[in-house]
Amino acid sequence: MKDFAELLDRLAYTPSRNDKLRLLADYFASTPDPDRGWALAALTDGLFFRLPLRRILTELIEPRVDPVLFGLSRDYVGDTTETIALLWPGSEEGAEPPRLDDVVEALRLGAATEVPALLSHWLDRLDTNGRWALLKLMTGALRVGISARLAKTTLAQWSGTPLADIEEVWHGLRPPYLALFNWLSGQGKRPEAGNRPIFRPLMLSHQIEDKDLAAIDPADFTAEWKWDGIRVQASNQGGEPRLFSRTGDDISRSFPDVVEGLPPGVVLDGELLVMRGNEVAPFNDLQQRLKRKSVTASMLKSFPAHIRLYDMLFEGADDLRPLPFTDRRARLEAWHDAAKPPRTDIVRPA
Amino acid sequence: MTEATFALPVFSHGDAGGEVAKLLRSLRQFPERAHVIGVYGLGKCQRLIAMLRAAGYHEPIYLHGALATCCEVYESFGVRLGALKAATSASRDEMKGAIVLAPPSAIADRWSRRLPDALTGFASGWMRVRARARQRGVELPLVISDHADWNELTRTIKETGAGEIWVTHGREDALLHHIQSTGRRGRALALIGREDEDQ
């Protein structure tokens, strides 16, 4: 916990991206498993604890600190969890502080009713900075200016592995990322996604500025309308049909209508829309569906979902990604003509 | 009569040695950046130098001109501070990865632009609160204070056995509350023009 607390503390005060990168790389190099993997998960938003933290803290603080003094302190510091980290009265000299691994495992596996007792036990054994980091970790929002992308870039630079290779295996990995660190430190094989139903990194779209247009030869490009939906990846690998958002979130449960019709063996790239007949409904209609984790029969009927396909990443065992887009597009069109999957279409040039 | 600079329970100053270790670790991590640390000229400056020497740091320490005189006074009384150099006459290259001490007002000022990729720190009890450190634009806050913290203030009040305490210089409200809730009489003594002297 001490190393993790020091890392968070330095990151929070360090403005430069390159300096953050160095702090992270030093941490990954010097911290053993599984602690560094849990830290990576915390930094890339892969750790969530469903806890009524505010209530737990209120219950812990009330009997320990005079409410007037707590109020004055809170007003001065400007942040409740930081205030608690600073004035927590119970510190036990010389007691062994918890490891990050102890904390994460206990929070993941323990019963919610045990959390207040555990938390006060940990707070007693940590120094100020450790208490601050622990409470930050439990809120689930570290806010130290590290994006998931920057964390992966650090792993790439630190290990000399191309970033794309890490992105490729990332969605098949789970915290505390033992297989990943084994591979990156040269002690293990690259973790293989195989044909598991995981999100595959895709090529994101970027805005073209007016000044860019002059430098572009139309013969080098294909174009697609910008539809009013969200970019998705639809896949059916290993017998498990899935729908992912462009950041890799699994949204299958919200869209059973498009997921159930996906033929086996494919990974497809396209735009998720609500469509009535041949008409693309406004984005607001799609939002009615996106807001819900599970959908009712009447929602499915009044807001029918549909995918307008752009690209194909896998067909059966063939990984099409090394091929040029024109070849992948030809495969997509041929496949679509033969398979005729429901609730999908392709816009072809007239 | 007591001062009340750090009279809130959030101020309990830990082991300053840990803060010196933090500075030395940062020097190893960022050896191309000059570490410019804000220090008060009388006391804090010499204390930090002495702690660095005690921690085994024997490289020259570079000083802002305003700090030199006080250091000479200490040395004239036999306090050994090791190799000290004037930051103004040193080359940029020579100060890469070096410790440079300057008055708090100079660390975010034009003055520090002469330093190679300055990483700014500040050795002060105020650095314990994140909003205060961010306000100063500090990258390396070092919680090193020569003032009494909350525990020392409240312990001393108890030890004196005084029945009436006058509180001045800083935040009176929390300390007065503490004094009154422990059955003593407390009064705020405002010294006009002397509030927040250290900020």
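The structure presented is a predicted model; accordingly, all values stated were derived computationally and were not measured.

S.K.: Could you give me a rundown of the packing of helix α6 (residues 80-87) of chain A against helix α9 (residues 128-139) of chain A, with the residues and numbers involved?
M.R.: Residues and elements named next belong to chain A. It is the contact of α6 with α9, at a shortest axis distance of 8 Å, that shows an interaxial angle of 150 degrees. In terms of orientation, α6 and α9 fall into the roughly antiparallel class. Handedness of the α6/α9 crossing: right-handed. Taking contact as the criterion, the partners of Thr81, Glu82, Ile84, Ala85 and Leu86 in α6 are, on α9, Thr128, Arg131, Trp132, Leu135, Lys136 and Thr139. Residue classes in the contact of α6 with α9 are distributed as 5 nonpolar, 3 polar and 3 charged.

S.K.: Describe the domain arrangement of chain A, naming the residues involved and giving the relevant values.
M.R.: In terms of domain boundaries, chain A breaks down into domain 1 (2-139) and domain 2 (213-345). One C-alpha centre belongs to domain 1 of chain A, the other to domain 2 of chain A, and the line joining them spans 41 Å.

S.K.: Got a sec to walk through the sheet that holds strand β8 (residues 164-170) of chain B? Specific residues and values, please.
M.R.: Residues and elements named next belong to chain B. The sheet built from 3 strands is open, its strands ordered β1-β8-β9 with parallel pairing. Of all strands in the sheet, those bounded by a partner on one side alone are β1 (2-4) and β9 (185-188). The average undirected angle you get between the axes of adjacent strands in this sheet is 35 degrees. Two strands pair when backbone bridges link them, and β1 and β8 are joined in this way by 3 bridges, in the parallel orientation. Following the sheet pairing, Thr2 is matched in β8 by Val167. Each of β1, β8 and β9 touches helix α6 (residues 173-181); the most contacted strand, β9, lies at about 165 degrees to it.

S.K.: Please set out α6(B) residue by residue, giving values where relevant.
M.R.: By the burial criterion, the buried members of α6(B) are B:Ala174, B:Leu175, B:Leu176, B:His178 and B:Ile179. Buried positions along α6(B) lie against α5 (67-77) of chain A together with β1, α5 (150-160), β8 and β9 of chain B. Of the residues trailing α6(B), B:Gly183 is marked for its positive phi of about 80 degrees.

S.K.: Could you give me a rundown of the nonpolar core, with the residues and numbers involved?
M.R.: Inside soluble globular proteins, nonpolar side chains tend to come together where they are buried. Membership of the largest hydrophobic core comes to 104 residues, with the highest contact counts inside it found for A:Ala39, A:Leu134, B:Ile37, B:Leu48, B:Val100, B:Leu101 and B:Leu142. Counting residues in each nonpolar core, the second largest holds 26 residues, with A:Ile198, A:Ala234, A:Phe244 and A:Phe255 among its members.

S.K.: Run through the packing of helix α1 (residues 2-13) of chain A against helix α2 (residues 17-30) of chain A, naming residues and quoting values.
M.R.: All names here are of chain A. Their axes nearest at 10 Å, the elements α1 and α2 cross at an angle of 175 degrees. Compared by their axis directions, α1 and α2 come out roughly antiparallel. Contacts between α1 and α2 pair Asp3, Leu7, Arg10 and Leu11 from the former with Lys20, Leu23 and Tyr27 from the latter. In terms of residue class, the contact of α1 with α2 is made up of 4 nonpolar, no polar and 3 charged.

S.K.: Hey, could you go over the sheet that holds strand β7 (residues 140-142) of chain B for me, with residue numbers and the actual values?
M.R.: Residues and elements named next belong to chain B. Read across the sheet, 6 strands follow the order β4-β3-β5-β2-β6-β7 without closing on themselves; strand pairing throughout is parallel. Either end of the sheet is taken by a strand with one partner, and the two such strands are β4 (84-86) and β7. The sheet shows a mean angle of 30 degrees between the axes of neighbouring strands, taken without regard to direction. Here strand β2 (residues 35-38) runs beside strand β5 (residues 99-102); their pairing, made up of 4 bridges, is parallel. Its bridge partner lying in β5, Val36 is registered against Val100. Strands in contact with helix α1 (residues 16-29) are β2, β6 (119-123) and β7; relative to β7, the strand with the most contacts, it is inclined by about 160 degrees.

Conventions used here
- Residues numbered from 1 in each chain as written.
- Chains lettered and ligands numbered in written order.
- Predicted model: local features only at pLDDT ≥ 70, side-chain atom pairs only at ≥ 80, totals over all residues.
- Axes fitted to C-alpha atoms, helices over the stretch in contact; angles between N-to-C directions.
- Helix = DSSP H or I, 4+ residues; strand = E, 2+ residues; numbered from the N terminus.
- Parallel < 35°, antiparallel > 145°, perpendicular 65-115°, else oblique.
- Left-handed = near helix turned anticlockwise from the far one by under 90°.
- Contact = placed C-beta atoms within 7 Å.
- Nonpolar A, V, L, I, M, F, W, Y, C, P; charged D, E, K, R; others polar.
- Domains from an automatic or database assignment.
- Pairing = 2+ DSSP bridges.
- Buried ≥ 20, exposed ≤ 12 C-beta atoms within 10 Å, placed from the backbone.
- Core = buried A, V, L, I, M, F, W, Y, C linked by C-beta atoms within 7 Å.

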